[in-house]
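# Chains, contacts and geometry: an overview
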Amino acid sequence: MEHQTEIILTVLGIAFVHGLVFYLVSRKPRTNIRGRHVLVTGGSSGIGLWAAAECVRLGANVTIVARNVKLLEKAKEQLLGYKTREDQRIEYRSVDLAKSYESVEGALKEIEQSSGQPIFMLVNCAGMAICGTVEDTTPEDARLLMDVNYFATFFPTRYVLAKMKAAKEGIIVITASQAALVGIYGYGAYAASKFALRGLAETIAMEAKNRGVTVTLALPADTDTPGFERENQSKPEETRIISGSGGLAKPEDVGRRIVHDALKGSFFSIMGLESWILSILCVGMAPWKGPVLCVLQFYLLGPLRMVGLLIQWNFQRIIKKCAKDREQRGGQN
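Thresholds applied
- Residues numbered from 1 in each chain as written.
- Predicted model: local features only at pLDDT ≥ 70, side-chain atom pairs only at ≥ 80, totals over all residues.
- Heavy atoms only, no water.
- Helix = DSSP H or I, 4+ residues; strand = E, 2+ residues; numbered from the N terminus.
- Buried < 20%, exposed > 50% of the residue type's maximum accessible area, 1.4 Å probe, protein only.
- Contact = heavy atoms within 4.5 Å.
- Areas by Shrake-Rupley, 256 points an atom, 1.4 Å probe, with all protein chains shown as cover.
- Pairing = 2+ DSSP bridges.
- Right-handed = clockwise from strand over helix to strand, strands pointing away.
- Phe/Tyr/Trp six-rings, centres within 6.5 Å; stacked < 30°, edge-to-face > 60°.

### So, the overall build of the chain
- Looking only at helices and strands, the chain features 11 helices and seven strands.
- Burial analysis of the chain (333 residues in total) assigns 49% to the buried set.
- Across the chain, contacts joining residues at least 24 apart in sequence account for 75% of those joining residues at least 6 apart.
- Surface summary for the chain: the accessible area is close to 16,900 Å², and the carbon and sulfur share equals 57%.

### A few points about the pairing of strand 1 (residues 37–41)
- Within strand 1, five of the five residues are buried, leaving the element largely enclosed by the surrounding structure.
- Here strand 1 shows two buried faces, one formed by H37, L39 and T41 and the other by V38 and V40.
- Two strands pair when backbone bridges link them, and strand 1 and strand 2 (residues 61–66) are joined in this way by five bridges, in the parallel orientation. Bridge pairing links L39 to T63 in strand 2.
- Following the backbone out of strand 1, through helix 2 (residues 46–57) and into the adjacent parallel strand 2, one traces a crossover that is right-handed.
- As defined by bridge partners, strand 1 adjoins strand 4 (residues 121–124) across four bridges and the pair is classed as parallel. Considered in strand 4, the bridge of V38 is made with M121.

### Quick word on the packing of aromatic side chains
- A full pass over the atoms with the stated rule returns nine aromatic pairs.
- The interplanar angle of 65° and the centroid separation of 6.1 Å between the aromatic rings of F154 and F155 together place this pair among those described as edge-to-face.
- Taking relative accessible area as the criterion, F154 reaches 25% and is therefore assigned partly exposed.
- Given a relative accessible area of 11%, F155 falls into the buried group.
- On the numbers, 5.3 Å between centres and 45° between planes, the contact of Y187 with Y190 is tilted.
- The exposure class of Y187 is buried, given its relative accessible area of 6%.

Take a look at the structure:
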């Protein structure tokens, strides 16, 4: 009974601290993007579409980029309904962001020329997931994940970075995943591509901070998007159970949070208690703006390490149970 009381008090304490941190962070001044040019990759659906919608609501001129023209046309019609200014521009462009740097560079130059504005804020949301154990993942799928998740972010980011540094202003959002913080059963190749994005974000944050450019690394949990539906088709049982424990976020909530965190200059964009705990556990050498957050990290990292060990123990328990169930059904490990 005493042990249960201690657990309850610990959870309540963490929830209180989380609420306090959220309140303090939410008080940060926000950059005004009204009339500025925002480009959102992966903007035809899911998190990218809702991030674009929030930018439109805030008065920005928005260009969405993806491959599927029909989805882009449909997304533009939806975004037009959120306009707050008569002269507000909402455009789209079909681009294969993973093809080559030269093709991306040419496309983004044309977008800036046609809009008459440089890109002030780049929101990278293009990405995909293919699940499976490492030995079950084909080399072709592993390379595809790196192309779509990493290079489709690296190419547009490389293009805008030099221009933002020269202008001494700009915002770059890199959308990764909780899989950029911790390796999960069945997410091997996917996690590798997302870990790469974290390294890219931390490096750019160090290179560009003194030039007025801010970087936000978005770490969404499972989100109810078309991509998540496709992802579920290839998930091993273990992956489905482990990732499903955190619930399913709404893409409109995630997109809104990412935009507002970026406008406040936060390095991490997280949502929910689980994501907050993971970001503290895996903070490493990552930048995190604000002395209050740094002090909280200092005091919470030790206790939360114990929480992390319990989480890992639970993951191993799930993996062993699934293996045992397969054996009883006559399957293979």
